[in-house]
Amino acid sequence: MDTKNLILAIALSLAILLGWQTFVEQPRQAERQAELERQELAAGRDPDTIGVPSLPTANGAFQPTDPVTQRDREEIIVDAPRIDIRTPALSGTINLVGGRFDDLTLREYRDTVEPESKNITLLSPRGSEAPYFAEFGWLTGNGTVSGGGQTRWKASHNKLTVDNPVVLTSRTDDGLVLTRTIAVDEHFMFKVTDRIQNATPAALNVSQFGRITRVNEPDTLGFFILHEGPIGILDDTLHEIDYDDLEDEPDEPQDFKSEGGWLGFTDIYWLTALIPDQDTEVDARFLFDTTRSGAKLYQADYRGAAIALAAGESAEVTTRFFAGAKVFNTLTDYRDKLGIERFEMSIDFGWFFFLTKPLLDVIIFFAEFLGNFGLAILLVTVIIKLFFFPLANKSYKSMSAMKALQPKMTELREKYADDKQGMQRELMAMYKREKVNPVSGCLPIALQIPVFFALYKVLFISIEMRHAPFFGWVQDLSAPDPLNILTLFGAVPWDVPFGLALGAWPILMGITMFLQMKLNPAPTDPVQAKIFLLMPVFFTIFLANFPVGLVIYWTWNNLLSITQQYVIMRRMGVAVGGGKST
């Protein structure tokens, strides 16, 4: 056995993934959009309008509301009384109707690498194209909502900054006095302190709640290796729930009881999360519903334990709301300083998280030291190569020995062309006589596979690589190579179809893969040999659509492997073309 079967298995796996993405996931997403439009039309409304999400009642059910025609986002924001948010990382407003976080922009992140492109819009108000917002409040025993919903707040001043928290006050018609203090740090964390006073003559029970509402499923990458959707650490367990899972069982919300924890929605780079007091018991849930207009509504919410308030008594609860970029160091700081359990797991580290997390930490360290994320990738690849140097040497020595026997194997294949069993018997005898173990080259490579996939995962999910420049024409390591041959390197502006984006780095990667394969012993089966000759072409086409940072890593890894294997072959007296050197 040699490494060819292993490489073939990986190639077939990648082919299956590509086929699944092209022929299953993309049609499925198109069908989802078509179904949404059918629902909108069935509701008697144009697909370009959208409904208003519902409010939770005391028993957790939905309270239907009327649809609202979709309007321009900026018009909606101007129409409502608001306070401004201005920090180094965030800008936006808080709606004084409901105290709702529904207008938030990330100042440090843009849609493209162009300096004049729009900043990332994370949250949007009800009635806009893509409503996405959070709110807090109190549920009372009679089923009313105070603090959120339609509660009208008065603000102590009109601008929230890092050094200047805002105090909101309100008094409900049924005699509750509400005070809310909102603070924000220099990154993406809001601190919400809610105080309620029972100014009625009768005792009552109240429960503090928080919720994030997202209307209609957002565009996702659709890769099975990446989770995008509802997420949370609840009851010491990581829960990653697909939008489809909620939609398939709309009458059965996913409920959890938890001490502390957090929950919300994640995209590949962005996160919104409710973070209740980490020492209190909460009832948390993820749910799905449709509005009267037919729009799809996804919600993550929690409700705290009931608090009994006698006449004149008050209660206070402090919670937090994260809305921003999934920067690894920022998330780990929140985990350590605020005691938010495994908050960094909002980044999808995958099955090999015990490898992925330290790898990301090391790459970030070197990126800060070198000032270039691409150079950090190259350096970490070298370190990994050095770590596996003894194993790789053993593997390459085995393959070199196999390559030296290639002429004799060809002779046996020709001699026993009509006797497969005889050929296998003679091959085993030759391996024993030459003291060559064809399996010994497989195990060292197999041990390196988890590390390879962990590094691949890191480069795929890390926001630190997003819009990070390398050198030359590569100004965004998270995007495919822009130097496409089929556009004459940018001279002809047209959208290249998926699978035909043949950039310079993918072509270089294909060349290095071909050279590496030439150093390995060729398959004895002529058909299998032809298949392996096509593998560099297949990988070039496949990886051309991936982030160029991944392609640079793969190319560099191939070059290091080629160098190491070539040196070993020369030391063993094995010619690159096969057989013994003279």
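Residues numbered from 1 in each chain as written. Predicted model: local features only at pLDDT ≥ 70, side-chain atom pairs only at ≥ 80, totals over all residues. Heavy atoms only, no water.

1. As for the sheet that holds strand S18 (residues 262–266)
Note the following rule: At least two DSSP bridges between two strands are needed for those strands to be called paired. Numbering of helices and strands runs from the N terminus; a helix is a DSSP stretch of H or I covering at least four residues, while a strand is a stretch of E covering at least two.
A sheet is described by the order of its strands in space; here nine strands give the open sequence S9-S11-S12-S13-S23-S19-S18-S15-S16, paired in antiparallel fashion. Single-partner strands in this sheet number two, and they are strand S9 (154–155) and strand S16 (237–240). In the sheet, strand S15 (residues 229–234) pairs with S16 via four bridges, with the strands oriented antiparallel. Paired with Leu234 across the strands is Thr237, a residue of S16.

2. Some remarks on the packing of aromatic side chains
Here a ring pair, both rings aromatic, is described through the centre-centre distance and the interplanar angle of the planes. To be explicit about the condition: Aromatic rings from Phe, Tyr and Trp, taking only the six-membered ring of Trp, are treated as a pair when their centres fall within 6.5 Å; an angle between ring planes under 30 degrees marks them as stacked, one over 60 as edge-to-face, and anything in between as tilted. The buried label applies to any residue whose accessible area, calculated with a 1.4 Å probe on protein chains only, is under 20% of its type's maximum; exposed applies above 50%, and partly exposed to all values in between. Note on criteria: charge over ring means Lys NZ or Arg CZ within 6 Å of the ring centre, with the direction from the centre no more than 35 degrees off the ring normal.
On inspection of all chains with the given rule, the structure shows 27 aromatic pairs. Relative to Phe321, the ring of Phe101 has its centre 5.3 Å away and its plane inclined at 50°; by these criteria the two rings are tilted. Taken as a pair, Phe101 in strand S5 (residues 100–110) and Phe321 in strand S23 (residues 314–325) lie far apart in primary sequence, 220 residues in all. With respect to burial, Phe101 and Phe321 carry one shared label: buried. Geometrically, the ring pair formed by Phe470 and Trp505 is edge-to-face, given 6.4 Å between the ring centres and 65° between the ring planes. Residue Phe470 is found in the loop between helix H10 (442–461) and helix H11 (504–519), and its partner Trp505 is found in helix H11; the two are separated by 35 residues along the sequence. In this structure, Phe470 and Trp505 share a single accessibility class: buried. One cation-aromatic arrangement involves Arg100 over Phe133; the distance from NZ or CZ to the ring centre is 5.2 Å. Lying across the ring of Tyr132, Arg214 places its NZ or CZ 4.1 Å from the centre.

3. A word on unusual backbone geometry
Phi is positive for Asp235, which is not a glycine, with a value near 55°. Tracing the sequence through the fold places Asp235 in the loop between S15 and S16. Positive phi outside glycine occurs at Asp236, with the angle close to 65°. Mapped onto the elements, Asp236 comes out in the loop between S15 and S16.

4. Some details on the confidence of the model for the protein chain
Selection rule: On a range of 0 to 100, pLDDT expresses the predictor's confidence in each residue. Whether two residues touch is decided by their heavy atoms; if any such pair falls within 4.5 Å, the residues are in contact.
Here the protein chain averages 80 in pLDDT, while 75% of its residues score no lower than 70. When the criterion is pLDDT under 50, residues 32–68 qualifies, and its contacts beyond four places in sequence or with other chains add up to 97 contacts. The low-confidence segment residues 578–582 (pLDDT under 50) makes 14 contacts with residues lying over four places distant or belonging to another chain.

5. Description of the pattern of salt bridges
Selection criterion: A pair is scored as a salt bridge if a Lys or Arg side-chain nitrogen falls within 4 Å of a carboxyl oxygen belonging to Asp or Glu.
With the rule as written, the count across this model stands at 17 salt bridges. Here Glu135 ties to Arg211 by a salt bridge, and the two come within 2.2 Å at their closest N and O atoms. Placement of Glu135 in strand S7 (residues 132–140) and of Arg211 in strand S14 (residues 204–215) is noted, with a sequence separation of 76 residues between them. With respect to class, Glu135 is no different from Arg211; both count as buried. Put simply, Glu247 and Lys296 hold a salt bridge, and the shortest N to O gap is 2.8 Å. A residue pair is termed long-range when its members are at least 10 positions apart, and Glu247 in helix H3 (residues 243–248) and Lys296 in strand S21 (residues 296–304) qualify at 49 residues. In this structure Glu247 comes out as partly exposed when scored by relative accessible area, which is 22%. Sharing partners across several salt bridges, the network here consists of Arg335, Asp336, Glu344 and Lys357.

6. A look at helix H5 (residues 353–370)
Applied cut-off: Multiply 1.5 Å by the residue count of a helix minus one, and that product is the helix's expected span.
Helix length check: H5, at 18 residues, gives a terminal C-alpha distance of 25 Å against a target of 26 Å (1.5 Å per residue), a fit within 8%. The set of residues buried in H5 consists of Thr356, Leu359, Leu360, Ile363, Ile364, Phe366 and Ala367. Directly beyond the C-terminal end of H5, a positive phi value near 75° is found at Gly371.

7. Some points on empty space enclosed by the protein
Selection criterion: Definitions used throughout: a 1 Å grid over protein atoms alone; a cavity as a set of points that fits a 1.4 Å probe which cannot get out; a pocket as an open set with protein on both sides within 12 Å along at least five of seven lines; a lining residue as one with an atom within 4 Å of a point. Grid points are joined across faces, edges and corners, and a volume is the space filled by probe spheres set on the points. Following the grouping adopted for this structure description, the nonpolar residues are Ala, Val, Leu, Ile, Met, Phe, Trp, Tyr, Cys and Pro, the charged ones are Asp, Glu, Lys and Arg, and the polar ones are all others, Gly among them.
Applying the stated criterion to the full structure yields two cavities of 30 Å³ or more. Quantified by volume, the second largest cavity comes out at close to 40 Å³. Mapped by element, the contributors of at least two residues to the lining of the second largest cavity are H10 and helix H13 (548–571). Sort the elements by how many residues they give to the lining of the second largest cavity and H13 lands first, with three residues. Considering only residue class, the lining of the second largest cavity consists of six nonpolar, no polar and no charged.

8. A short note on a negative patch on the surface
So the rule is basically this: Distance thresholds for patches are 9 Å for like charges and 5 Å for nonpolar side chains (Val, Leu, Ile, Met, Phe, Trp, Tyr), applied to residues having over 30% relative accessible area and no salt bridge. Values of accessible area rely on a 1.4 Å probe in the Shrake-Rupley scheme; residue burial ignores everything except the protein chains shown. When charges are counted, neither His nor the chain ends are considered; positive counts come from Lys and Arg and negative counts from Asp and Glu. Where a charge lies is defined by one atom per residue type, namely NZ (Lys), CZ (Arg), CG (Asp) and CD (Glu).
Taken together, the side chains of Glu240, Asp242, Asp245, Asp248, Glu249, Asp251 and Glu252 define an acidic patch exposed on the protein surface. On the basis of relative accessibility, which here comes to 73%, the residue Asp251 falls in the exposed class.

9. Focus on a nonpolar patch on the surface
On the surface, a nonpolar cluster with roughly 430 Å² of combined accessible area is contributed by Leu508, Ile511, Phe514, Leu515 and Leu533. With four residues, H11 is the single largest residue contributor to the nonpolar patch. Relative to the assigned elements, Ile511 resides in helix H11.

10. Description of the packing of H5 against helix H6 (residues 373–387)
Stated formally: Note on method: axes are straight lines fitted to C-alpha atoms, helices fitted across the in-contact stretch only, with angles between N-to-C directions ranging 0 to 180 degrees. For classification, angles of less than 35 degrees are called roughly parallel, those exceeding 145 degrees roughly antiparallel, those between 65 and 115 degrees roughly perpendicular, and all remaining angles oblique. Take the far helix as your reference; a near helix turned counterclockwise from it by less than a right angle gives a left-handed crossing, and one turned clockwise gives a right-handed crossing.
It is at 8 Å that the axes of H5 and H6 come closest, and there the two elements cross at 125°. When the axes of H5 and H6 are compared, the pair comes out oblique. Considering the relative orientation of H5 and H6, their crossing is right-handed. Contacts between H5 and H6 involve Leu359, Val362, Ile363, Phe366, Ala367 and Leu370 from the former and Phe373, Leu375, Ala376, Leu379, Val380, Ile383 and Ile384 from the latter. When grouped by side-chain class, the residues that make up the contact of H5 with H6 number 13 nonpolar, no polar and no charged.

11. Observations regarding the pairing of S18
Along any regular strand the residues' side chains alternate between the sheet's two faces. S18 sits mainly inside the fold: five of its five residues count as buried. With five bridges joining them, S15 and S18 adopt antiparallel strand pairing. Residue Ile233 lies in a different strand from S18, and its bridge partner there is Trp262. By the bridge criterion, four bridges tie S18 to strand S19 (residues 270–275) in an arrangement that is antiparallel. When the sheet's bridge partners are listed, Thr266 is paired in S19 with Leu271. Taken together, S18 and the strand that follows it, S19, pair antiparallel across an intervening segment of three residues.

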